[in-house]
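# Structural characterization, general
Here is what each chain is made of, one letter per residue.
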Amino acid sequence: MVAPKLDLALTAMLLFRKLATTTVLLSMLASTAASVGGDNDLSFLVIADLHAMSDFVSNHSNIELKNTLTAILQNIRDNYIGETDIVLAPGDVVGFGQMSNENLISLTGKSDINEAVFDAASTSYAKTNEVYQAAGFTTHIPCVGDHEIGGNRGFVVSGLKSKLNSISSYRQGWIDSFMKDDNGLFRFNEALTDFSPARPPEESGFHGTSFAYRRKNSLFISVDVFKIMNDGTSNYYDRSNGYGGEGAITCTLEGLHATWFESVLKAAREDTSIKHIFVEAHVPIMHPVRKVRCSGQFLDDQTNSRFWRLMEEYKVDIYFAGEVHAVTVSKSKVQGSNLLQIVSRGRYLGSFLTVDTTDDAIEIKQYREVGQSQKYNNDYVQSGLLTIDKSNPSDPQISTSGELEVIDDEVALMHFDFESIFKIDERPIYEMYNDDSLVAKYQVLGGSNCTESIHNMGSFGSQYDAQIS
């Protein structure tokens, strides 16, 4: 039987239709892939200095507070950030610095101070886990802040405010709740290599409170910088070098702790699939930074510290910190370094950062709360933007604006011309509020009721406006 001959015109038409269909399908697939993002795309939330979770100590079953926090976090997850289950917390989810150990004894019903401290810590952190998980943030990357271990006013060796003898109980409550699962096994335990374990060695003293965690294209390293000096037998203050000054505890990274940190950074930079490195610790390293209603702790040696130098050397992208309850972005001054420090605030969910990454880009947005109530308005506006374009790895492009604009410390931080006077609430000062409002309409200073201000035209901006009466 002879095979039938196909008309050449018909054959050409059939081939064209097949090619056209294939092109449409490929276009649809590409469009779909673009809409859902790449496999390595990663988003996460950053909330520093939340302070709210110790409110559960006085009322373990505070349903109203739990529901309020959960609803706000769900709103943030649904409407302000890309799909994620990660929240990064650079310290102080609690406010133990404002609570004496004797107060904790009263609230917990425990007669032993260490038992009371452990109970209060465990309660606060269990509620933290419950709230985050209920809101869909099932991966919490915590960090030790001064309030997690009692607050810096309690770091003195002796006296009515001393909490030094109970710091181990504060830390153990943090470790058991945040670092271990229901079976008592460490959550963050996956090493990058045999020579870079996820946690520092036990001999470092930080085996349970510093760790590294890998997710997709990003590495997160959380560092506990609060070190007891002189075995806690005496207060530590090296005036000539500017070290310490907070009782027997100082903020530093040294010894085996620093060796571990470098091993993790080295392994990360040898792994080409890790595109971004994010480090968090509680205190700012690079100064100056804006501050409000805070103790203002900082790291010994600051940008000359081994901690900062290692981050510069191994090209860490961003160092996240809290402590000072204000937002400041700083950039390393070392030639060729693009290391950024982002100090942010999140007290009572009044502010937060969102971070969205692809293999060659990082985008960070700052949001601040708006509304009539002093807190928990559950409404936000974007107040800052920072982008890092790493498409050319040898020359990353950094763009910043609003609250996330890189601070210029080559000009005056505070500059007043005294030419104009404004109502205080015309330019809100974050963390300055009244009992009945988020934005302050007045402030009482030295017994005077101030309703007006002179605007600061220096690089510290509105946070340092001068209130007058």
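In what follows, the structure referred to is the one given above.
Let me begin by describing the structure that accompanies this report.

What follows concerns the overall build of the chain. A tally of helices and strands in the chain yields seven helices and 22 strands. Each principal axis of the C-alpha distribution contributes one length, and for the chain these read about 110 × 60 × 50 Å. Every one of the 469 residues in the chain was classed for burial, and the buried ones make up 49%. Nonlocal contacts in the chain, meaning residues at least 24 apart in sequence, comprise 68% of its contacts between residues at least 6 apart.

Let us look at the packing of helix H6 (residues 255-270) against helix H7 (residues 306-313). Two elements in contact, H6 and H7, have axes separated by 10 Å at closest approach and are oriented at 10°. One element, H6, and the other, H7, form an angle in the roughly parallel class. When H6 is examined against H7, the residues Gly 255, Ala 258, Thr 259, Phe 261, Glu 262 and Leu 265 are found in contact with a partner set consisting of Arg 306, Phe 307, Leu 310 and Met 311. Of the residues belonging to the contact of H6 with H7, the class tally is six nonpolar, two polar and two charged.

Across the eight residues that make up strand E14 (residues 351-358), a large majority, six, are buried. Sheet topology places strand E1 (residues 42-46) next to E14; five bridges connect them, and they run antiparallel. When the sheet's bridge partners are listed, Leu 42 is paired in E14 with Thr 357. With eight bridges joining them, E14 and strand E15 (residues 361-369) adopt antiparallel strand pairing. Residue pairing for E15: Thr 357 is matched across the bridge by Ile 362. Hairpin connection of E14 to E15: two residues between the antiparallel strands.

Bringing the pattern of salt bridges into the picture now. Per the stated rule, a full pass over the model turns up 17 salt bridges. We note a salt bridge from Lys 390 to Asp 317, for which the minimum N-O separation is 2.8 Å. On the criterion of sequence distance, the pair formed by Lys 390 in the loop between strand E16 (380-389) and strand E17 (397-402) and Asp 317 in the loop between H7 and strand E11 (318-321) is long-range, its members being 73 residues apart. Assigned by exposure class, Lys 390 and Asp 317 land together as buried. Of the charged contacts in the structure, one is a salt bridge between Arg 347 and Glu 431, with a shortest N-O distance of 3.9 Å.

Turning next to the packing of aromatic side chains. Applying the stated criterion across every chain, the model contains 22 aromatic pairs. Seen from their ring centres, Phe 278 and Phe 320 are 6.1 Å apart, and the 40° between their planes marks the pair as tilted. A residue pair is termed long-range when its members are at least 10 positions apart, and Phe 278 in strand E10 (residues 276-280) and Phe 320 in strand E11 qualify at 42 residues. The pair formed by Phe 278 and Phe 320 is uniform in burial state, with each residue classed as buried. Taken together, the aromatic side chains of Phe 44, Phe 188, Phe 211, Tyr 213, Phe 220, Phe 278 and Phe 320 make up a single cluster linked through ring pairs. For Arg 199, the ring lying beneath its charged end belongs to Phe 186, and the centroid distance is 3.7 Å. Sitting above the plane of the Tyr 348 ring, Lys 375 keeps its charged end 4.0 Å from the centroid.

On to the nonpolar core. Residues Ile 221, Phe 261, Phe 307 and Phe 320 are the most contacted members of the largest nonpolar core, which totals 105 residues. At seven residues, helix H4 (residues 113-134) tops the list of elements feeding residues into this core. Sequence-distant contacts of Ile 221, defined by excluding residues within four places in its chain, comprise Phe 211, Ala 212, Trp 260, Phe 261, Val 264, Leu 265, Ile 277, Phe 278, Val 279 and Glu 280. In terms of nonpolar packing, the next biggest core, distinct from the first, is built from five residues, Ile 424, Ile 429, Met 432 and Ala 440 among them.

Conventions used here
- Residues numbered from 1 in each chain as written.
- Predicted model: local features only at pLDDT ≥ 70, side-chain atom pairs only at ≥ 80, totals over all residues.
- Heavy atoms only, no water.
- Helix = DSSP H or I, 4+ residues; strand = E, 2+ residues; numbered from the N terminus.
- Buried < 20%, exposed > 50% of the residue type's maximum accessible area, 1.4 Å probe, protein only.
- Contact = heavy atoms within 4.5 Å.
- Axes fitted to C-alpha atoms, helices over the stretch in contact; angles between N-to-C directions.
- Parallel < 35°, antiparallel > 145°, perpendicular 65-115°, else oblique.
- Nonpolar A, V, L, I, M, F, W, Y, C, P; charged D, E, K, R; others polar.
- Pairing = 2+ DSSP bridges.
- Salt bridge = Lys/Arg side-chain N within 4 Å of Asp/Glu carboxyl O.
- Phe/Tyr/Trp six-rings, centres within 6.5 Å; stacked < 30°, edge-to-face > 60°.
- Lys NZ or Arg CZ within 6 Å of the ring centre and 35° of its normal.
- Core = buried A, V, L, I, M, F, W, Y, C linked by side-chain atoms within 4.5 Å.

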